[in-house]
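Architecture at a glance
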Amino acid sequence: MALDVLQAAPTAAETKKGLGVRQLFNRHFNLLIGTMSVGGTLLLWQYARALGIPGLAFVDPPTAIIAASADLLQSATFWTACYKRFIRISIGFVLAQLIGIPLGLLMAANRFAFNTVFPITEILRPVPPVAWIPIAIIFWPTREMSTIFIVFLGAFWIVLLNTIGGASTIDPAYRRAALSLGSSRWHLFRYIIFPATLPSIVTGMVVGMGICWEMVVAAEMIAGDTGLGYLLWQSFEINATAQVIVCMIAIGIAGFASSALISRLARLLTPWIAER
Amino acid sequence: MKGAVSIRGAVKVYDPERSQVVALDGLDLDIAPGEFCAVVGPSGCGKTTLLNAIAGFDTLTSGSITLDGQTIAEPDRSAPPGADRIVVFQNGALFPWRSVLWNVTCGPVMQKRMGRAEATERASALLARVGMQGSDDKYPGELSGGQRRRVEIVRALMNDPSVLLLDEPFRALDALTKSVMQEYLTELLVEVPKTVFFITHDLEEAIFLGDKVVALTSRPGRIRQVVPVSLEKPRRHTVLTSPEFLAIKATLSGAIHEEARRAFVYGERELA
Amino acid sequence: MSAAPATSVNARQTVSAGHSRLVALVQGLLGLAAFFLLWWLLVDVYGVWRFRQLPKLTASVREWLSPNPTYGISLYTQEYYKHLFSSIKRVAIAFCLAVSLGILVGVLSGWSRWFRAVVFPLLEVARPIPILAWIPLVLLLAPGRETAVITLTFLAAFFITTLNTMLGIKSIDEVYFRAARSLGFSEWAILRHVVVPGALPYIFVGLQIAMAACWFSLVASEIVSGTAGLGYKIWEAYYYVQFETMTIMMVTLGICGYLSSSLVRRVGNWLMRWRGSMLKGMAR
């Protein structure tokens, strides 16, 4: 029988519980193999130079990286960079929500608004926010603002689309039920339309946050003068490969953390959605 | 005629180390070849568990099941699912991304029991028999619920199973469609006789379709009553108000209702 | 909008479908016209605040359409197409590679516990790192600039495709697997007739996102390290204060992005025509 985890029909071996080695192995299968796999890759990397593996040999081995990260974590530049980036993302992200959600709701509710605004968004959206960087630099007085603008753009499209999508698929039965119960317009919005759209909005937020991270790095690397992305680029230019890796990892971890945060927030806002 | 099913001392305990849910508590049941055995009981009484054990999707904790003398289920081991014990599922399992014809012929063709041309011919004949002629190239998504059920039954029959397992197949249909489907099924089985294991909530459906009706208790599942049904086949909806039908119903409905109330009180939730 | 639900439903019913589509079209054009008008007014005519420094609409359009452009880029020049095709070629290669590898890895991960346990942790570690953060690393490791750019573009699409494929496989109702086994399908047949078609909807959603990601990474990596291509040209035009050229390139980029996503969507709709009758297809 294939070791196919998708077929939930339990085979005898899998349903047996117990403390034998076989059972422990099965239960923590993923964890064990995963650790071995990541560990194996790290080991390979460590001895890449000695083993003569091309490419990887150019990059400093993991031990050097750990050393470098110890240095970096203690430097003030690193933490200021983190902080600045955090501010940028927050502002850009929040702005995208503040403008995107109302606009999306308006477009979903009003046919005229939708028909006039949608074609414009369809034209502007395919242009990657990265391509907007020069315009942003020209237009906004400070580099800071242009970075925030790019972050905003990235998230804005997602938020808009998700809000429109969510609001337009509300089951008309809910509206009718509310109206027959005698709700006012505001009441209808606040207790019916808005909560029903929330799951979509929230999905938009989670995805949007991911995009924000991509944008921030882009903007910082290309047009910024502080921030982790900028630091990353700097390290590259001075050929400090270990630092490059550390920055990458730091960005990755921070991105992961912020996504997790947003997901948590998402669950708080929509407690009625069951976890899949 | 094949399809003699014999169940002895079937016991199924879920999660034996912790919650110890006893789904089946020692069932003995025999189904003769060609017999239509209808199993009725409230939710959670173990009927689906029993069907899964026969089909090979699940195992028994103790006891055994034999099919035509061959053991197909033993404690903690089951023969893998196969065409000899084919299942018609509750919510339908026609592959939506393939045409009706492909769905119906894929079994025999995959198992190399029939060539494609032969399978197509037989499939078309059976589909016409259930009023689905001309729908060979349609996708399941284009069919109504009742139509999909018919196609799925044809798909099952095309595989010439030893025993046909039906898991509340008409549950999702409205009452009117359901009664029509029941008639179709009996007519089809007169033409293509099979051993059938059919589970349902609906007592009338069980009596209408079955050669014998097995009433199970609420959890843990045991056999409470077995009643033979000797109304002549093929049965028409008119039989539903005949005195013989109502007499059989009278012997069973008290027991069934009592089990249903017991299950309700214990808060058995519908396992949809 | 208070009594609106009832009345607007009635209103819609009285207007025929064709009419409302025409109305939508007109309103759309109105919106677009308003947008361009705004651009023209704010930048070309009045030069309000910092809008003054943005590229002018008239100048850009004129440049784009002129046979003899001031800065060497227009619909008539060779160089325009050189950059265009250079970018398209890279996206095409990267996308195709990402799709094939991504679907392969995704399917294998869904299929085999072992494979998944080995590969998934590696993917999860690599994924949170934004694509652009990979640029320095890839530049170090890759033998050439072209390869580097393609690799980066590939990476973005690859992660997305793999993830969506895995999600797609997970989303397949278990009952189809049971039915297939009952019908005597071999493991290979299950893969071919259940897993792949079943996951296809999710995969295609992923592909559209991946396509957008491709363009995004492409532009970014071209800006940073390219020698030709739309992204590179945008940056160069900015650097040399050739704003009209920059606008032309941005618009071209937008058109490419739109057309390629549209293409992916159409292919998806064709492959999954069985869905048409079941549910309203996703518009994106």
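Just so we're clear, the structure is a prediction, and the values are computed from it rather than from any experiment.

Conventions adopted
Residues numbered from 1 in each chain as written. Chains lettered and ligands numbered in written order. Predicted model: local features only at pLDDT ≥ 70, side-chain atom pairs only at ≥ 80, totals over all residues. Helix = DSSP H or I, 4+ residues; strand = E, 2+ residues; numbered from the N terminus. Contact = placed C-beta atoms within 7 Å. Core = buried A, V, L, I, M, F, W, Y, C linked by C-beta atoms within 7 Å. Buried ≥ 20, exposed ≤ 12 C-beta atoms within 10 Å, placed from the backbone. Nonpolar A, V, L, I, M, F, W, Y, C, P; charged D, E, K, R; others polar. Domains from an automatic or database assignment. Axes fitted to C-alpha atoms, helices over the stretch in contact; angles between N-to-C directions. Parallel < 35°, antiparallel > 145°, perpendicular 65-115°, else oblique. Left-handed = near helix turned anticlockwise from the far one by under 90°. Pairing = 2+ DSSP bridges. pLDDT = per-residue confidence, 0-100.

1. A short note on the overall build of chain B
Broken down by element type, chain B carries 7 helices and 11 strands. In terms of overall dimensions, chain B has a C-alpha envelope of 50 × 45 × 35 Å along the principal axes. Of the contacts made within chain B by residues no fewer than 6 positions apart, 72% connect residues no fewer than 24 positions apart.

2. Digging into the overall build of chain C
Helix and strand content of chain C: 11 helices and 0 strands. Starting at the N terminus, the α and β elements of chain C follow one another as α-α-α-α-α-α-α-α-α-α-α. For chain C, the proportion of contacts with a sequence separation of at least 24, taken over those separated by at least 6, is 67%.

3. Focus: the nonpolar core
Ranked by size, the top nonpolar core spans 205 residues in total, and within it A:Val151, C:Ala157 and C:Cys214 carry the most contacts. Look past the residues within four positions of C:Ala157 in its chain and what remains in contact with it is C:Ala94, C:Phe95, C:Ala98, C:Gly102, C:Ala210, C:Ala213 and C:Cys214.

4. What to know about the interface of chain A and chain C
Facing the 56 residues of chain A at the interface are 55 residues of chain C. Those elements that place two or more of their residues in the side of chain A that touches chain C are helix 3 (29-46), helix 7 (111-124), helix 8 (133-139), helix 10 (172-180), helix 11 (185-223), helix 12 (228-237) and helix 13 (241-269) of chain A. Broken down by class, the residue content of the side of chain A that touches chain C amounts to 40 nonpolar, 12 polar and 4 charged.

5. A short note on the domain arrangement of chain B
Residues and elements named next belong to chain B. Partitioning chain B into domains gives domain 1 (1-86 + 164-255) and domain 2 (93-160). Spacing between the C-alpha centres of domain 1 and domain 2 amounts to 24 Å. Between domain 1 and domain 2, the residue contacts involve 14 residues of the former and 12 residues of the latter. The greatest single-element share of the side of domain 1 that touches domain 2, amounting to 6 residues, is contributed by helix 5 (residues 175-191). Looking at the side of domain 1 that touches domain 2 residue by residue, the classes come out as 13 nonpolar, 1 polar and no charged.

6. Overview of the packing of helix 10 (residues 230-239) of chain C against helix 11 (residues 243-271) of chain C
Residues and elements named next belong to chain C. It is the contact of helix 10 with helix 11, at a shortest axis distance of 8 Å, that shows an interaxial angle of 160°. Viewed along their axes, helix 10 and helix 11 adopt a mutual orientation that is roughly antiparallel. In this structure, helix 10 meets helix 11 at a crossing whose hand is left-handed. Facing Leu230, Lys233, Ile234, Ala237 and Tyr238 of helix 10, the residues of helix 11 in contact are Thr245, Met246, Met249, Met250, Thr252 and Leu253. Broken down by class, the residue content of the contact of helix 10 with helix 11 amounts to 8 nonpolar, 2 polar and 1 charged.

7. Here we look at the sheet that holds strand 11 (residues 223-228) of chain B
Residue and element names in this part refer to chain B. Reading across from one edge, 7-8-9-3-10-11 is the order of the 6 strands in this open sheet, with mixed pairing throughout. The open sheet is flanked by strand 7 (87-88) and strand 11, the only strands paired with a single partner. With 5 bridges joining them, strand 10 (residues 212-216) and strand 11 adopt antiparallel strand pairing. Residue pairing across strands places Val213 opposite Val227, the latter belonging to strand 11. Helix 7 (residues 243-265) rests against strand 3 (36-40), strand 10 and strand 11 of the sheet, and its axis sits at about 165° to strand 11.

8. Comments concerning the pairing of strand 10 of chain B
All names here are of chain B. Counting buried positions over the 5 residues of strand 10 gives 5, a clear majority of the element. Of the two faces of strand 10, the one lined by Lys212, Val214 and Leu216 and the one lined by Val213 and Ala215 are each fully buried. For strand 3 and strand 10, the ladder comprises 4 bridges, and the chain directions are parallel. Residue pairing for strand 10: Val40 is matched across the bridge by Ala215. Connecting the antiparallel pair strand 10 and strand 11 is a turn made up of 6 residues.

9. Observations concerning the environment of B:Thr66
Residues and elements named next belong to chain B. Mapped onto the elements, Thr66 comes out in strand 4 (residues 62-67). Note on Thr66: 16 C-beta atoms within 10 Å, which makes it partly exposed. Each C-alpha atom of the pair Thr66 and Leu94 lies 28 Å from the other, and the pair is 28 residues apart in sequence. Beyond its immediate chain neighbours, meaning those up to four positions away, Thr66 contacts Ser6, Thr71 and Ile72.

10. Some words on the sheet that holds strand 6 (residues 77-78) of chain B
Backbone-to-backbone hydrogen bonds join strands into a sheet, with any given pair of strands oriented parallel or antiparallel. All names here are of chain B. Within the open sheet, the 5 strands sit side by side as 2-1-4-5-6. Their pairing is antiparallel. Lying at the two open borders of the sheet, with one neighbouring strand each, are strand 2 (21-31) and strand 6. Pairing analysis gives 5 bridges linking strand 1 (residues 5-14) to strand 4, with the strands arranged antiparallel. From the neighbouring strand, Val11 faces strand 4, where its bridge partner is Ser62. Here helix 1 (residues 47-55) sits on the sheet and contacts strand 1, strand 2, strand 4, strand 5 (70-74) and strand 6; the angle it forms with strand 1, its principal contact strand, is near 120°.

11. With respect to the confidence of the model for chain C
Interpretation of the predicted coordinates at a detailed level should be avoided for regions scoring low in pLDDT. Residue and element names in this part refer to chain C. When pLDDT is averaged across chain C, the result is 79; 88% of the residues are at 70 or more. Confidence, read as mean pLDDT per element, is least for helix 1 (residues 4-14) in chain C (49) and greatest for helix 8 (residues 174-182) (90). Ignoring residues within four places in sequence, the model shows residues 1-7, a span with pLDDT below 50, making 6 contacts including any to other chains. Counting contacts from residues 278-284, a segment whose pLDDT is below 50, to residues more than four positions away or on other chains yields 7 contacts.

12. Points about unusual backbone geometry
All names here are of chain B. Cis geometry marks the peptide bond from Arg219 to Pro220; its omega dihedral reads -5°. For Pro220, the position within the fold is in the loop between strand 10 and strand 11. A positive phi is found at Asp160, a non-glycine position, where the angle reads about 50°. Checked against the element boundaries, Asp160 lands in the loop between helix 4 (145-158) and strand 8 (163-167). The backbone phi angle of Glu168 is positive, close to 40°, even though this residue is not glycine. When you line up the elements, Glu168 lands in the loop between strand 8 and helix 5. With 19 C-beta atoms counted inside 10 Å, the residue Glu168 sits in the partly exposed group.

13. What to know about the environment of B:Val226
Residues and elements named next belong to chain B. Relative to the assigned elements, Val226 resides in strand 11. Exposure remark for Val226: the 14 C-beta atoms within 10 Å place this residue in the partly exposed category. Considered as a pair, Val226 and Asp167 are 59 residues apart in the sequence and their alpha carbons are 19 Å apart.

14. A few points about the packing of helix 4 of chain B against helix 5 of chain B
Residue and element names in this part refer to chain B. Two numbers describe how helix 4 lies on helix 5: the axes approach to 10 Å, and their chain directions differ by 20°. Accordingly, the angle class assigned to the pair helix 4 and helix 5 is roughly parallel. The two elements helix 4 and helix 5 meet at a crossing, and its hand is right-handed. Contact residues: helix 4 offers Gly145, Gly146, Arg149, Arg150 and Ile153, while helix 5 offers Thr177, Val180, Met181, Tyr184, Leu185 and Leu188. A per-class count over the contact of helix 4 with helix 5 returns 6 nonpolar, 3 polar and 2 charged.

15. So, the domain arrangement of chain C
Here chain C is described as being made up of domain 1 (4-54) and domain 2 (78-275). If you average the C-alpha positions of domain 1 of chain C and of domain 2 of chain C, the two centres end up 33 Å apart.

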